[in-house]
Amino acid sequence: MSDQPWNYEELNAFLADPNEYAPGTRMTYNGMSDVEDRADLIAYLRTLSDDPEPLPSEEEIAAAQEEAEGGDGEGEGTEEGEEAQEGETAEGEEGGEDGEAAEGEGGAEDGTVEESQGEETGEASGEDGDGAEGEDAEDASGEDEQADAAEGDSELREMIAAADPSEGEGKIRQCAACHTFEEGGANRVGPNLWNVVGQPVAHRDDYNYSSAATDAREAGKEWTYENLAAYLQDPRGWMPGTKMTFAGVRSQEDLAAMIAYLREQAENPPPLN
């Protein structure tokens, strides 16, 4: 083990459980169970190196995830999947026959009757104003959807307003390997994020963005609070093709705190209400 270099994987394993990784170590630290905390620490250690090891590419991360997902549980999962599929097939055959028979005997007749009735009543409904009622129903449905969206936005913004930016600064430290946040900060692997809140996506002129980011800018997307939250939760889901390999933030509280911190790193951030 003395020849083993401290790459990111080895550091992660050691920080998670020093005694298991290096039995007999004199280090009495029990380990760091939270993977995000380990990422924060490793990102900080990386800034202390004159020539840090390059971060893994998106392809390398995907390959490592596939390798981790394989292994001993693969055969068991396959067998269980085959059994479940056989059960579903048998159930589907039996249920399908019974269901089709019942539908054929009763459903077809009902459908014919309803169709003929619909043709007769349809003409009358046009005269009686049932069409207007349908339009009213659609309008009401649209209003409900807008109200739900507004409520979701309001809840997110309330969480951001209540969050502690200093806590967000600690959480966002895991991004410091690729980004700077202060005004005039340099671009790294990713762009400087000063004044990003409320700006168009890919707004900096001195950074070479991915085509996915420039496409989003051309589509008129901006870094609203809602878009920032969606992107930080699932970067590749919100912007397919992005160069950012960050897996995403799962905790809503951490997400709100990070956006609250980013909001402080802006000249004139959009209001939260």
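Scroll up to find the structure this text is about.
Residues numbered from 1 in each chain as written. Predicted model: local features only at pLDDT ≥ 70, side-chain atom pairs only at ≥ 80, totals over all residues. Heavy atoms only, no water.

### Topic: the overall build of the chain
Note the threshold: Each helix corresponds to a stretch of at least 4 residues labelled H or I by DSSP, and each strand to a stretch of at least 2 residues labelled E; elements are numbered beginning at the N terminus. Accessibility here uses a 1.4 Å probe with only protein chains present; expressed as a share of the type maximum, an area under 20% marks a residue as buried, one over 50% as exposed, and anything in between as partly exposed. Contact definition: two residues touch when any of their heavy atoms are within 4.5 Å.
Along its length, the chain carries eleven helices and zero strands. The linear arrangement of helices and strands in the chain, starting from the amino end, is α-α-α-α-α-α-α-α-α-α-α. Every one of the 273 residues in the chain was classed for burial, and the buried ones make up 29%. The long-range share in the chain, meaning contacts at least 24 apart out of those at least 6 apart in sequence, stands at 50%.

### A closer look at the pattern of salt bridges
We apply this condition: A side-chain nitrogen of Lys or Arg and a carboxyl oxygen of Asp or Glu constitute a salt bridge if their distance falls within 4 Å.
By the definition in use, this model includes three salt bridges. Residues Arg 157 and Glu 226 are paired through a salt bridge, measuring 2.8 Å at the closest nitrogen-oxygen approach. Of this pair, Arg 157 sits in helix α6 (residues 130–162) while Glu 226 sits in helix α9 (residues 225–233); the two residues are 69 residues apart in sequence, bridging distant segments of the chain. Note that Asp 206 is salt-bridged to Arg 204, the shortest N-O span being 2.9 Å.

### Quick notes on the side chain of Arg 204
Rules: Polar contact is defined as a pair of N or O atoms within 3.5 Å, subject to the rule that within protein one atom must be able to donate a hydrogen and the other to accept it, and that residues adjacent in sequence are counted only when both atoms are side-chain atoms.
Tracing the chain through its elements places Arg 204 in the loop between α7 (165–171) and α8 (211–218). Within polar-contact distance, the side chain of Arg 204 engages the side chain of Asn 192 at 3.3 Å. Of note is the side chain of Arg 204, whose polar atom sits 2.9 Å from the side chain of Asp 206. Excluding residues that lie within four positions of it along the chain, Arg 204 makes contacts with Asn 187, Pro 191, Asn 192 and Tyr 209.

### Comments concerning α8
Where α8 is concerned, the buried positions are Ala 212, Ala 213, Thr 214 and Ala 216. Directly beyond the C-terminal end of α8, a positive phi value near 90 degrees is found at Gly 220.

### Focus: a nonpolar patch on the surface
What counts, and what does not: The residues that make up patches have over 30% relative accessible area and no salt bridge, and they are joined within 9 Å when like-charged or within 5 Å when they are Val, Leu, Ile, Met, Phe, Trp or Tyr. Accessible surface area values rest on a Shrake-Rupley calculation with a 1.4 Å probe, where residue burial reflects the displayed protein chains alone.
Taken together, the side chains of Tyr 44, Leu 45 and Leu 48 define a hydrophobic patch exposed on the protein surface, amounting to about 290 Å² of accessible area. As for its placement among the helices and strands, Leu 45 is situated in helix α3 (residues 35–47).

### Observations concerning the nonpolar core
Short version of the rule: We define a nonpolar core as any set of buried Ala, Val, Leu, Ile, Met, Phe, Trp, Tyr and Cys residues linked to one another through side-chain atoms lying within 4.5 Å.
In terms of nonpolar packing, the biggest core is built from 35 residues, with Ile 160, Val 201, Trp 223, Met 239 and Ile 259 touching the most fellow members. Only α6, α8, α9 and α11 (252–264) provide two or more residues apiece to this core. Looking at which element gives the most residues to this core, the answer is α11, with eight residues.

### Concerning unusual backbone geometry
Unusually for a residue other than glycine, Asn 195 sits at a positive phi of about 65 degrees. Mapped onto the elements of the fold, Asn 195 is located in the loop between α7 and α8.

### Focus: the packing of α9 against α11
Heads up, the condition is: The axes are straight lines fitted to the C-alpha atoms, using for helices just the contacting stretch, and the angles between their N-to-C directions are given from 0 to 180°. Angles are sorted into four bins: roughly parallel if under 35 degrees, roughly antiparallel if over 145, roughly perpendicular if 65 to 115, and oblique for all others. Should the near helix be turned anticlockwise from the far one by less than a right angle, the crossing is termed left-handed; should it be turned clockwise, right-handed. Here the nonpolar group is Ala, Val, Leu, Ile, Met, Phe, Trp, Tyr, Cys and Pro; Asp, Glu, Lys and Arg are the charged ones; every other residue, Gly included, is treated as polar.
It is the contact of α9 with α11, at a shortest axis distance of 10 Å, that shows an interaxial angle of 125 degrees. Comparing their axes, α11 and α9 come out oblique. In terms of crossing hand, the pair formed by α9 and α11 is right-handed. In this structure, α9 contributes Tyr 225, Leu 228, Ala 229, Leu 232 and Gln 233 to the contact, and α11 contributes Gln 252, Leu 255, Ile 259 and Arg 263. Partitioned by chemical class, the residues of the contact of α9 with α11 number six nonpolar, two polar and one charged.

Interpretation in functional terms is not warranted from these geometric data alone.
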